[in-house]
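What follows is the residue order along each chain.
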Amino acid sequence: MKIAILPGDGVGKEVTREAVKVLKAVVGKNTAMELTEAPIGGAGVEAAGDPLPAATLEIARKADAILFGAAGVPGDEKLPYAMRPGASLLRLRKDLGLFANFRPVFMFPELIGASTLKPEIVEGLDIIILRELTGDLYFGEPRGIRTLASGERQGFNTMVYSESEVERIAHVAFRTARTRRRRVCSVDKANVLETMQLWREVVTRVGKDYPDVELTHVFVDAAAMMLMRAPKQFDVMVTGNVFGDILSDCAAMLTGSIGMLPSASLAEGSKGLYEPVHGSAPDIAGKNIANPMAAILSMAMMLHYSFDRPELAARVHRAVAATLSEGYRTPDIFQPGMQRVGTVEMGDAVVATLARLAA
Ligand code: IPM
Ligand code: MG
């Protein structure tokens, strides 16, 4: 297992450390692991004057999988685009062809009370937001800020998807649905945008290859509403880069804390980048209060998808669930009567639970 460890900025450093701790505990000494750590984001700027230093990119290219923390420092939107920490993540996604972004949203029964929604709305929730990750407004050209003849400035970006890009993410959606409840909901804005009209056409066409999977189409505004009103109707939601960015944060909150949600960004083949859905959270960084569970569960997704060890991934899941059952809570998911712990203590508790479950 050749793994690049890219902790990045803010709480990314803290939660990645815990994920690595649990990784070592679950893999044990019988499997050879090669972990290589490298700076990225603001840490990359500090170390090498580039949010994605060439050496880091090289390590990421050579690895079978990448454990990523978070990229982002306060005020980074004021930096030129290429120097922004977030841009390092976008370059990495593009360069490694990580087009399929899985953001599973599931409810641990122990955390139902942490959701802002009524328990009956979220109990048993289990959906996957599948976000296309290397196209759309994020990468479309032309883009920029230009000055018009009048002297006024104008910002512009291009929403673009080619058929092949929509096809490959659609196939991933249908194949994923086949391992679950066989329902795909494609989210677009075909009523307004030509790009999305094509998206809908292509997804429909690909769907014909999967007659056993039910396909529905929803406009993104309605999808946002339905996610809040009755999220359990969804199984796999497939959507473009921009809508997926927004809907996945929205869906994340159904579970009470974005601090619980993992993600996987997969290329063709088994290579993947695994990161918590939450960002660098500079406001709580360095205080040992960030929730490491999203990073730990992302690591579990890595064991499953890149290393084909679903049994190890399942052990991590059971350990996370059992740790929650025992009452351990970081502040983001704290409820009265529970035991409030920090980032490091939560990681330690998961390691201890793993050992206990194995015994
Ligand atoms: C995410 C993040 C990133 C995105 C940022 C950090 C560039 O919000 O992974 O959802 O917009 O894709
Ligand atoms: Mg986002």
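The sections below set out a description of the structure shown in this document. (Residues numbered from 1 in each chain as written. Chains lettered and ligands numbered in written order. Predicted model: local features only at pLDDT ≥ 70, side-chain atom pairs only at ≥ 80, totals over all residues. Heavy atoms only, no water.)

### Side note on the packing of aromatic side chains
Part 1: Enumeration over the complete set of coordinates arrives at 4 aromatic pairs.
Part 2: Centre to centre, the rings of Phe 106 and Phe 108 are 5.4 Å apart; their planes meet at 70 degrees, and the pair counts as edge-to-face.
Part 3: Its relative accessible area of 8% is what places Phe 108 among the buried residues.
Part 4: A centroid spacing of 4.9 Å and a plane angle of 15 degrees characterise the contact between Phe 174 and Tyr 210, whose relative ring orientation is stacked. Here Phe 174, found in helix α6 (residues 163-178), pairs with Tyr 210, found in the loop between α7 (194-207) and β9 (214-219); they are 36 residues apart in sequence, far enough to count as distant.
Part 5: Cation over ring: Arg 168 sits above Phe 99, and NZ or CZ is 4.1 Å from the ring centre.
Part 6: Cation over ring: Arg 340 sits above Phe 334, and NZ or CZ is 4.1 Å from the ring centre. (Phe/Tyr/Trp six-rings, centres within 6.5 Å; stacked < 30°, edge-to-face > 60°. Buried < 20%, exposed > 50% of the residue type's maximum accessible area, 1.4 Å probe, protein only. Helix = DSSP H or I, 4+ residues; strand = E, 2+ residues; numbered from the N terminus. Lys NZ or Arg CZ within 6 Å of the ring centre and 35° of its normal.)

### Looking at helix α9 (residues 241-252)
Part 1: For α9, built from 12 residues, the straight-helix expectation of 16 Å at 1.5 Å per residue is met to within 8% by its first-to-last C-alpha distance of 16 Å.
Part 2: Taken residue by residue, α9 has Asn 241, Val 242, Phe 243, Gly 244, Leu 247, Ser 248, Ala 251 and Ala 252 as its buried positions.
Part 3: Against the buried residues of α9 lie β4 (100-106), β5 (126-132), β8 (183-188), α7, α8 (220-229) and β10 (236-239). (Expected span 1.5 Å × (residues − 1). Contact = heavy atoms within 4.5 Å.)

### Things to note about α7
Every α-helix carries 3.6 residues per turn, so stepping three or four residues along brings you back to the same face.
Part 1: Helix length check: α7 (14 residues) gives 20 Å between terminal C-alpha atoms against 20 Å at 1.5 Å per residue, within 8%.
Part 2: Those residues of α7 that fall on the buried side of the exposure criterion are Thr 195, Met 196, Trp 199, Val 202, Val 203, Val 206 and Gly 207. Seen from one end, α7 has its buried residues packed into an arc of 140 degrees, which puts them on one side. (Arc of directions from axis to C-beta.)

### Some details on the pairing of β5
The two faces of the sheet receive side chains in turn, since in a regular strand these alternate between them.
Part 1: Counting buried residues in β5 gives 6 out of 7 residues, a clear majority hidden from the surface.
Part 2: One ladder, built from 7 bridges, connects β4 with β5; its direction is antiparallel. When the sheet's bridge partners are listed, Arg 103 is paired in β5 with Ile 129.
Part 3: The sheet contact formed by β5 and β10 spans 4 bridges and is parallel. Residue pairing across strands places Ile 129 opposite Met 237, the latter belonging to β10. (Pairing = 2+ DSSP bridges.)

### Observations regarding unusual backbone geometry
Excluding glycine, a negative phi dihedral is what most residues carry, and trans is how most peptide bonds are arranged.
Part 1: A cis amide bond links Glu 141 with the next residue in sequence, Pro 142, at an omega value of 0 degrees.
Part 2: Along the polypeptide, Pro 142 turns up in the loop between β5 and β6 (144-147).
Part 3: For Asp 136, which is not glycine, the phi torsion reads 75 degrees and is therefore positive.
Part 4: Taking relative accessible area as the criterion, Asp 136 reaches 1% and is therefore assigned buried.
Part 5: One non-glycine residue, Asp 308, lies in positive phi territory at about 50 degrees.
Part 6: Within the secondary structure, Asp 308 is located in the loop between α10 (293-305) and α11 (310-325).

### Comments concerning the sheet that holds strand β1 (residues 2-8)
Part 1: Taking strand neighbours across the sheet as the criterion, the 10 strands line up as β2-β1-β3-β12-β11-β4-β5-β10-β8-β9 in an open arrangement whose pairing is mixed. Both outer strands of the open sheet, β2 (34-37) and β9, are each paired with one neighbouring strand and no more. The sheet shows a mean angle of 20 degrees between the axes of neighbouring strands, taken without regard to direction.
Part 2: Across 4 bridges, β8 lies against β10 in parallel orientation. Residue pairing for β10: Val 184 is matched across the bridge by Val 236. (Axes fitted to C-alpha atoms, helices over the stretch in contact; angles between N-to-C directions.)

### Quick notes on the site of ligand 1
Part 1: Residues in close proximity to ligand 1 include Arg 93, Arg 103, Arg 131, Tyr 138 and Asp 245, which together make up its full environment.
Part 2: Note that an oxygen atom of ligand 1 is positioned 2.7 Å from one of the side-chain N or O atoms of Arg 93.
Part 3: Arg 103 is positioned such that a nitrogen or oxygen atom in its side chain is 2.8 Å from an oxygen atom of ligand 1.
Part 4: Here the shell around ligand 1 is composed, by residue class, of 1 nonpolar, no polar and 4 charged. (Near = heavy atom within 4 Å. Polar contact = N/O pair within 3.5 Å; in protein donor to acceptor, adjacent residues only side chain to side chain. Nonpolar A, V, L, I, M, F, W, Y, C, P; charged D, E, K, R; others polar.)

### Comments concerning the nonpolar core
Part 1: If you look at the biggest cluster of nonpolar residues, it comprises 92 residues, and the most contacted ones within it are Met 299 and Leu 303.
Part 2: Tallying contributions element by element places α10 first for this core, with 9 residues.
Part 3: Looking at this core, you find at least three residues from each of domain 1 (1-102 + 262-359) and domain 2 (116-255).
Part 4: Those residues in contact with Leu 303 that lie beyond four places of it in its chain are Met 1, Leu 23, Val 26, Val 27, Asp 308, Arg 309, Leu 312, Ala 313 and Val 316.
Part 5: Among the nonpolar cores identified, the runner-up in size contains 16 residues, and Leu 6, Leu 57, Leu 92 and Leu 96 belong to it. (Core = buried A, V, L, I, M, F, W, Y, C linked by side-chain atoms within 4.5 Å. Domains from an automatic or database assignment.)

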